[in-house]
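Here are the chains, one letter per residue:
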Amino acid sequence: QVQLVESGGGLVQAGGSLRLSCAASGLTFSSYAMGWFRQAPGKEREFVAAIRWSGGNTYYPDSMKGRFTISRDNAKITVYLQMNSLKPEDTAVYYCAAGGLFTTAQGTGLMPQSWGQGTQVTVSS
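Calculation rules
- Each chain carries its own residue numbering, running from 1 in the direction its sequence is written.
- Thresholds applied to this predicted model are a pLDDT of at least 70 for local features of residues and 80 or more for the giving and counting of side-chain atom pairs; totals over whole chains, interfaces and linings are not thresholded and use all residues.
- Side-chain measures were taken over the full set of non-hydrogen atoms in the model, leaving aside hydrogen atoms and water.
- By nonpolar core we mean a set of buried residues, namely Ala, Val, Leu, Ile, Met, Phe, Trp, Tyr and Cys, connected to one another through side-chain atoms within 4.5 Å.
- Burial classification: accessible surface area is computed with a 1.4 Å probe over protein chains only, and a residue below 20% of its type maximum counts as buried, one above 50% as exposed, and the rest as partly exposed.
- Per the convention used, a helix needs a DSSP run of H or I reaching at least four residues, while a strand needs a run of E reaching at least two, with both numbered from the N terminus.
- Should any heavy atoms of two residues lie within 4.5 Å, those residues are counted as being in contact.
- At least two DSSP bridges between two strands are required for those strands to pair.
- Angles here are taken between N-to-C directions and fall from 0 to 180 degrees, while the axes themselves are lines fitted to C-alpha atoms, restricted in helices to the stretch in contact.

Draft legend 1. Focus on the nonpolar core. In terms of nonpolar packing, the biggest core is built from 29 residues, with Met 34, Trp 36, Leu 81, Met 83 and Tyr 94 touching the most fellow members. Breaking this core down by element, the ones donating at least two residues are strand 3 (18–25), strand 4 (33–39), strand 5 (46–52), strand 7 (68–73), strand 8 (78–83), strand 9 (92–104) and strand 11 (119–124). Those residues in contact with Tyr 94 that sit more than four places away from it in its chain are Glu 6, Leu 20, Trp 36, Phe 37, Arg 38, Val 48, Phe 68, Leu 81, Met 83, Gly 118, Thr 119 and Val 121. Ranked by size, the runner-up nonpolar core spans seven residues in total, among them Ala 33, Phe 37, Ala 50 and Leu 110.

So this is what it looks like as structure tokens:
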């Protein structure tokens, strides 16, 4: 049974930083990628970042490059999302996901098969 447990969300002022964590279990890690999505009120869920568990290659949509960094800790079986220079428009529920990678002309994304429960990030102006 796959379990993804997020932590690290909260309230931060604009310009601040947060680091989200996602502890995973129940996966065959070498064959998975993990990543983050977010969903703001009234908006669709959007892809934020992904990391290939084997090799550590990282993937971001163009809109997320520069301020967000995804990483992993093999020993702790945990994926992180470091978010810097946060803006009010980054306010959303952030979801950890595990699944497979796919590539299109727009880049590489994550096709989720499992989701965490989500963690709220609120950026005040």
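That was the structure; now back to the text.
Draft legend 2. Geometry of the sheet that holds strand 8. Strand order in the open sheet made by the four strands is 1-3-8-7, with antiparallel pairing throughout. Each edge of the open sheet carries a strand with a single partner, namely strand 1 (3–7) and strand 7. Averaged over all pairs of adjacent strands, the angle between their axes in this sheet comes to 20°, without regard to strand direction. Taken together, the five bridges between strand 1 and strand 3 define a ladder with antiparallel strand orientation. In the sheet register, Glu 6 faces strand 3, and the bridge partner there is Cys 22.

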